[in-house]
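Below, each chain spelled out in residue letters.
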Amino acid sequence: MKNLVIVGTQWGDEGKGKLVDILTPAFDIVARYQGGHNAGHTVIIGDKRFVLHLIPSGILHTDKLCVIGNGVVVDPKALVDEIDQLEKLGINVTPDQLRISSRAHLILPYHRVIEHGGEERRGKEKVGTTMRGIGPAYEDKIGRRGLRAGDFLDEELLIEKLRTNIETVNMLQEAQKAHLIDEDELVEEVVSLAPRIQPYVCDTPLLLNRAVKQGKRILLEGAQATMLDIDFGTYPFVTSSNATAGGACTGTGLPPGKITGVLGIAKAYTTRVGSGPFPTELLNETGDKLRAKGFEYGASTGRPRRCGWFDAFVVRYSVAINGVNSIALTKLDVLDGIDEIKVCTGYKYEGKQLVDMPFDAKKLEGVEPIYETLPGWTESTVGVTDFDKLPQNAQAYVNRLSELVECEISVVSTGPERNQTIVRPGTCFDKWQNQ
Ligand code: IMP
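Definitions and cut-offs
- Residues numbered from 1 in each chain as written.
- Predicted model: local features only at pLDDT ≥ 70, side-chain atom pairs only at ≥ 80, totals over all residues.
- Heavy atoms only, no water.
- Near = heavy atom within 4 Å.
- Polar contact = N/O pair within 3.5 Å; in protein donor to acceptor, adjacent residues only side chain to side chain.
- Areas by Shrake-Rupley, 256 points an atom, 1.4 Å probe, with all protein chains shown as cover.
- Nonpolar A, V, L, I, M, F, W, Y, C, P; charged D, E, K, R; others polar.
- Domains from an automatic or database assignment.
- 1 Å grid on protein atoms, 1.4 Å probe; cavity = no way out; pocket = protein on both sides within 12 Å on 5 of 7 lines; lining within 4 Å.
- Points joined across faces, edges and corners; volume = space filled by probe spheres on them.
- Helix = DSSP H or I, 4+ residues; strand = E, 2+ residues; numbered from the N terminus.
- Buried < 20%, exposed > 50% of the residue type's maximum accessible area, 1.4 Å probe, protein only.
- Pairing = 2+ DSSP bridges.
- Contact = heavy atoms within 4.5 Å.
- Axes fitted to C-alpha atoms, helices over the stretch in contact; angles between N-to-C directions.
- Phe/Tyr/Trp six-rings, centres within 6.5 Å; stacked < 30°, edge-to-face > 60°.
- Lys NZ or Arg CZ within 6 Å of the ring centre and 35° of its normal.
- Left-handed = near helix turned anticlockwise from the far one by under 90°.
- Lys, Arg positive; Asp, Glu negative; His and termini not counted.
- Salt bridge = Lys/Arg side-chain N within 4 Å of Asp/Glu carboxyl O.

Moving on, we get to the site of the ligand. Every one of the 15 residues lining the ligand counts as a neighbour, but Asp13, Asn38, Thr130, Thr239 and Arg303 are closest to it. A distance of 3.1 Å separates a nitrogen atom of the ligand from a polar atom in the side chain of Asp13. Residue Asn38 places a side-chain N or O atom 2.8 Å away from an oxygen atom belonging to the ligand. For the ligand, the accessible surface in isolation is 470 Å², of which the surrounding protein chains cover 96%. Class assignment of the residues belonging to the shell around the ligand gives a composition of 6 nonpolar, 7 polar and 2 charged. Counting contributing residues per domain, the shell around the ligand is built from domain 1 (3–102 + 203–433) and domain 2 (105–199), each supplying no fewer than three.

Written out as structure tokens, the structure is:
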């Protein structure tokens with residue numbers, strides 16, 4: 001086992017960062033393959049709390065190389081701010097530790113302006129984005145007019161492309177009677193970042209493929225999750241990239257045959273930020289309790305997360321779409337003390353049980369979850385590191401989820417700290433960690 005993809009199986013915030021932290025020592029390179037600074041992973045360094053948005057958390061291990069792949073959209077200002085913050089905490093971010101793909105598209109200030117207008121116009125149908133300019137940056141990529149990190153290497157061309165794009169944006173702003181962007185100011189702002197970005201830019205697809213040839217091990221870190229994937233998620237209430245495992249190939253340049261495993265991350269319940277269907281959502285006291293106990297607030301935006309029961313129909317779908325070999329189940333401890341725990345095993349729509357995940361968000365809004373009720377446990381599971389030491393009902397809960405989602409559950413997380421983790425011996429994860 002060499003090159004492993006880590007992917008969210010729900011609507012994000014499953015705790016992928018913790019698993020990346022645990023696995024990083026067993027890998028040489030950690031690469032991000034999609035998304036941008038809409039993601040957030042909280043890291044505690046001594047008594048300081050810091051949220052990484054763009055740079056893989058592997059950066060905290062000084063002997064590892066972190067790669068921002070071509071599938072990521074990079075806000076150069078946000079990146080420079082993140083580097084500066086890390087350096088303030090004593091973590092130097094040198095080009096030996098961080099590489100950015102020359103092909104990674106840039107999020108520029110006008111993308112946020114476009115996004116604000118777009119979300120406002122959608123009214124009730126708004127996606128509830130993170131307002132980081134992610135969608136408009138990917139629109140420019142697909143529209144073949146985007147600027148890329150490699151453009152920072154040629155200032156003249158950078159300015160020319162910037163001016164062309166700003167002129168187009170201003171024409172649209174004018175038509176909508178919205179405020180115009182100050183072209184000179186924006187060009188100056190972006191160009192001033194060039195010396196900070198240039199040293200990190202390189203051909204990362206080549207770098208990664210050479211590393212694979214040399215026998216190096218690559219951990220591919222997905223952001224967001226399957227149900228937010230542009231193709232497989234609850235469209236249009238999704239992010240604008242392929243968060244699923246397939247995105248790891250197109251977002252890094254690693255061929256599919258080089259991906260040797262997929263770890264799916266699932267929370268022991270479900271959360272979602274932003275708008276869109278969420279069949280198992282709990283708009284009651286239990287939902288509030290999960291939010292408070294699980295501290296379910298967005299790491300990037302601080303927004304309260306919507307909370308609900310575990311949806312095995314969703315996770316089973318994710319296991320199939322991603323080819324998940326093994327699951328890490330996080331935040332089991334948040335369910336401690338709940339009398340009865342419900343698990344969604346399927347959906348009914350207009351009285352009929354569905355076989356497959358509906359492709360249409362409107363239909364998904366209208367489904368009725370089919371629940372199975374499992375007994376809870378009163379004992380604390382916080383910090384338990386041995387599966388056999390979990391309360392019987394907690395063990396039964398994990399085993400039942402594994403049956404329902406048709407996948408091995410190799411890891412159970414029982415708290416935010418690295419050592420508050422159960423790794424079940426003989427599982428895929430055990431092998432990946434000790435490869
Ligand atoms: P965008 O990625 O900012 O375009 O937002 C699109 C949708 O994805 C919104 O519902 C966001 O709340 C959601 N989203 C984006 N990033 C994350 C994340 O890291 N965790 C959870 N939800 C996210």
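Next comes the rest of the write-up.
With that out of the way, let us pick up empty space enclosed by the protein. For the structure on display, the rule yields 1 cavity of 30 Å³ or more. There is about 60 Å³ of room inside the largest cavity. If you go around the largest cavity, the residues you meet are Asp75, Pro76, Lys77, Ile107, Leu108, Pro109, Arg112, Glu189, Val190 and Leu193. Secondary structure elements with two or more residues in the lining of the largest cavity: helix 2 (76–88), helix 3 (109–122) and helix 6 (183–191). Here the residues of the lining of the largest cavity are counted per class, giving 6 nonpolar, no polar and 4 charged. Composition of the lining of the largest cavity by domain shows at least three residues from each of domain 1 (3–102 + 203–433) and domain 2 (105–199).

So, about the pairing of strand 11 (residues 261–267). Along any regular strand, the residues point their side chains to alternate faces of the sheet. For strand 11, a buried count of 7 out of 7 residues is recorded, marking the element as mostly surrounded by other parts of the structure. Burial along strand 11 is two-sided: the face carrying Gly261, Leu263, Ile265 and Lys267 and the face carrying Val262, Gly264 and Ala266 are both buried. Where strand 1 (residues 4–8) and strand 11 come together, 5 bridges link them in parallel fashion. Bridged to Val7 within strand 11 is Gly264. The sheet contact formed by strand 11 and strand 15 (residues 326–330) spans 5 bridges and is parallel. Each residue of the ladder has a partner; that of Ala266, found in strand 15, is Leu329.

With that out of the way, let us pick up unusual backbone geometry. Of the consecutive residues Tyr235 and Pro236, the connecting peptide bond is found in the cis state with omega at 5 degrees. With respect to the element layout, Pro236 can be found in the loop between strand 10 (218–221) and helix 9 (247–250). We note that Phe295 has phi near 45 degrees; this positive angle belongs to a residue other than glycine. Here Phe295 falls in the exposed class, since its relative accessible area comes to 55%. Its identity is not glycine, yet Lys331 carries a phi of approximately 60 degrees, on the positive side. Topologically, Lys331 is positioned in the loop between strand 15 and strand 16 (340–349). Note on Lys331: relative accessible area 23%, which makes it partly exposed.

Before going further, it helps to examine the sheet that holds strand 10. Spatially, 9-7-5-2-10-1-11-15-19-20 is the arrangement adopted by the 10 strands of the open sheet, whose pairing is mixed. Strands with a single pairing partner mark the edges of an open sheet, and in this sheet they are strand 9 (201–202) and strand 20 (421–423). Taken together, the 3 bridges between strand 15 and strand 19 (residues 409–413) define a ladder with parallel strand orientation. If you follow Ala328 over to strand 19, its bridge partner there is Val411. Packed on one face of the sheet, helix 1 (residues 16–23) meets strand 1, strand 2 (29–32), strand 10, strand 11, strand 15, strand 19 and strand 20 and runs near 160 degrees to strand 1. Against the sheet, helix 13 (residues 392–405) makes contact with strand 15 and strand 19, and its axis sits at roughly 135 degrees relative to strand 19, the strand it touches most.

Another aspect to go through is the packing of aromatic side chains. One pass over the full model with this rule turns up 4 aromatic pairs. Between Phe295 and Tyr297, the ring centres sit 5.3 Å apart and the planes meet at 55 degrees, which makes this aromatic pair tilted. On the numbers, 4.6 Å between centres and 65 degrees between planes, the contact of Phe313 with Tyr347 is edge-to-face. Separated by 34 residues along the polypeptide, Phe313 in helix 11 (residues 312–322) and Tyr347 in strand 16 bring together distant segments of the chain. What makes Phe313 buried here is its relative accessible area of 7%. One cation-aromatic arrangement involves Arg424 over Phe387; the distance from NZ or CZ to the ring centre is 3.6 Å.

Between helix 5 (residues 155–175) and helix 6, the shortest axis-to-axis distance is 10 Å and the interhelical angle comes to 140 degrees. For helix 5 against helix 6, the interelement crossing comes out right-handed. Together, Glu155, Leu158, Ile159, Leu162, Arg163, Ile166 and Glu167 of helix 5 and Glu183, Asp184, Leu186, Val187, Val190 and Val191 of helix 6 make up the contact between the two elements.

In this section: the layout of surface pockets. Taken as a whole, the second largest pocket holds about 150 Å³ of empty space. His37, Phe50, Val51, His53, Ala78, Asp81, Glu82, Gln85 and Arg132 together form the lining of the second largest pocket. Secondary structure elements with two or more residues in the lining of the second largest pocket: strand 4 (48–52) and helix 2. Take the lining of the second largest pocket: its biggest share by element is 4 residues, from helix 2.

This part takes up the side chain of Lys18. By secondary structure assignment, the location of Lys18 is in helix 1. An unpaired buried charge is present at Lys18: no salt bridge exists, and Asp333, the closest side chain of opposite charge, is 7.5 Å distant. Polar contacts involving the side chain of Lys18 include one to the main-chain carbonyl oxygen of Gln420, which spans 3.0 Å. Leave out the neighbours within four places in its chain, and Lys18 touches His41, Ser413, Gly415, Pro416, Glu417, Arg418, Gln420 and Thr421.

Where charged atoms from two side chains of opposite charge approach closely, those side chains can pair. According to the stated counting rule, one finds 20 salt bridges in the structure shown. Across the salt bridge formed by Asp151 and Lys161, the nearest N and O atoms sit 2.9 Å from each other. Placement of the pair is Asp151 in the loop between helix 4 (134–142) and helix 5 and Lys161 in helix 5, with a sequence separation of 10 residues. The exposure class of Asp151 is buried, given its relative accessible area of 11%. Classification of Lys161 as partly exposed rests on a relative accessible area of 30%. A salt bridge links Asp386 to Lys389; the shortest N-O distance between them is 3.8 Å.

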